[in-house]
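# Structural overview
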Amino acid sequence: MFFTLPSALLALILFLIVLGSCAIGVLVGRRLRGHETWREPIGVTQAALLGFVALILAFGLTMAVSRYETRRVELVTETNAIGTTYLRAQTLSEPVRSQSLELLKRYTDLEIRLSTARPGSAEARRVVADGGAIQRQLWALADDALRDAPVASAPRLYVDSLNSMIDSQTSRVAALGNRVPTSVLILEVVGASVALGLLGLYLTVLGRGLLPIMLAAVFVSLLLLVSFDLDRPTRGIITVPYTPLTELRASMDLPPAAGGG
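Overview of the structure. (Residues numbered from 1 in each chain as written. Predicted model: local features only at pLDDT ≥ 70, side-chain atom pairs only at ≥ 80, totals over all residues. Heavy atoms only, no water.)

Bringing the pattern of salt bridges into the picture now. Applying the stated criterion to the full structure yields nine salt bridges. Residue arginine 71 is joined to aspartate 231 by a salt bridge in which the shortest nitrogen-to-oxygen separation is 3.2 Å. Separated by 160 residues along the polypeptide, arginine 71 in helix H2 (residues 39-89) and aspartate 231 in the loop between helix H7 (211-230) and helix H8 (243-252) bring together distant segments of the chain. We note that arginine 71, like aspartate 231, is buried. Its salt-bridge partner being glutamate 94, residue arginine 97 comes within 3.2 Å of it at the nearest N-O pair. Residue classification places arginine 97 among the buried residues on the basis of a relative accessible area of 10%. On the basis of relative accessibility, which here comes to 45%, the residue glutamate 94 falls in the partly exposed class. Here the salt bridges share partners, and the residues they tie into one network are Glu78, Glu111 and Arg172. (Salt bridge = Lys/Arg side-chain N within 4 Å of Asp/Glu carboxyl O. Helix = DSSP H or I, 4+ residues; strand = E, 2+ residues; numbered from the N terminus. Buried < 20%, exposed > 50% of the residue type's maximum accessible area, 1.4 Å probe, protein only.)

Another point: a nonpolar patch on the surface. Side chains of Leu9, Leu12, Ile13, Leu16 and Ile17 sit close together on the surface and give an oily, nonpolar patch of about 400 Å² of accessible area. Residue position: leucine 16 is located in helix H1 (residues 7-32). (Patch = residues over 30% accessible without salt bridge, like charges linked within 9 Å, V, L, I, M, F, W, Y side chains within 5 Å. Areas by Shrake-Rupley, 256 points an atom, 1.4 Å probe, with all protein chains shown as cover.)

Structurally, threonine 85 can be placed in helix H2. You can call threonine 85 buried: its relative accessible area is 0%. Within polar-contact distance, the side chain of threonine 85 engages the backbone oxygen of alanine 81 at 2.8 Å. (Polar contact = N/O pair within 3.5 Å; in protein donor to acceptor, adjacent residues only side chain to side chain.)

Here we come to unusual backbone geometry. For the bond running from glutamate 94 to proline 95, omega is 5 degrees, close enough to zero to count as cis. Tracing the chain through its elements places proline 95 in the loop between H2 and helix H3 (96-114).

The next thing to look at is H8. Of all the residues in H8, the buried ones are Leu245, Leu248, Arg249 and Met252. The arc that holds every buried residue of H8, seen down its axis, measures 100 degrees, which confines them to one face. (Arc of directions from axis to C-beta.)

For serine 227, the location among the structural elements is in helix H7. Contact partners of serine 227, with chain neighbours within four places excluded, come to Leu61, Ala64 and Glu188. (Contact = heavy atoms within 4.5 Å.)

A few words now on the packing of H1 against H7. Where H1 contacts H7, the axes come no closer than 9 Å and their chain directions differ by 145 degrees. By crossing handedness, the relation of H1 to H7 is classed as right-handed. Taking contact as the criterion, the partners of Ser7, Leu10, Ala11, Leu14, Phe15, Val18, Leu19, Cys22 and Val26 in H1 are, on H7, Ile213, Met214, Ala217, Val218, Ser221, Leu224, Leu225, Phe228 and Asp229. Classifying every residue of the contact of H1 with H7 gives 15 nonpolar, two polar and one charged. (Axes fitted to C-alpha atoms, helices over the stretch in contact; angles between N-to-C directions. Left-handed = near helix turned anticlockwise from the far one by under 90°. Nonpolar A, V, L, I, M, F, W, Y, C, P; charged D, E, K, R; others polar.)

The following block contains the structure:
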């Protein structure tokens, strides 16, 4: 649910939920303002809940940051694997060399498209399927190269790098789909809303103004948005940069450095 929403709509929903809970707390607090016996239990409860929610928010943010960093690492790893495979393909004999180089260019284009496709969507599945088809073609060509030169080192080195490239794509796709569990996200939203509602209630009972409540609502909403956005690698405000892939693809348009066997 949270993964498919546009960033602007997600930010609005989070802010309205948090602000609505604060408004409810303020309204209830105004009704209880004259009852002194409610101050102490409400204060103790909201303090304990705020501490618990702070722990939950920190836990959720840590999970989101960890997954974001993993996606960045996997993208760089795959870029290096494709680059190494492309360089080693240049040492193969014709016609396998030219065919492999062209397929690797198409494969890189697909991996760039994968960087902008929402994980789990029909487009992402189509890109992964097309990439798998190219992988099979490359593997068939690698088999031809080995059959033509069974004792040569170039085809063997190429096969090793091709295998690493295939493995790295699997790891990257898994990292893109590895999101913070929805139950954790819901717990963050509900916990933050209840805690801020109690905070608004307590401050209203004490006769404080609305400014601290509004500032707390804005801050918590931004924190929730950042946590959620880090978990949306291709459609959020904070995206995983795929500059290494685009730079690699640009370098493939240059004349090959090796002339082949």
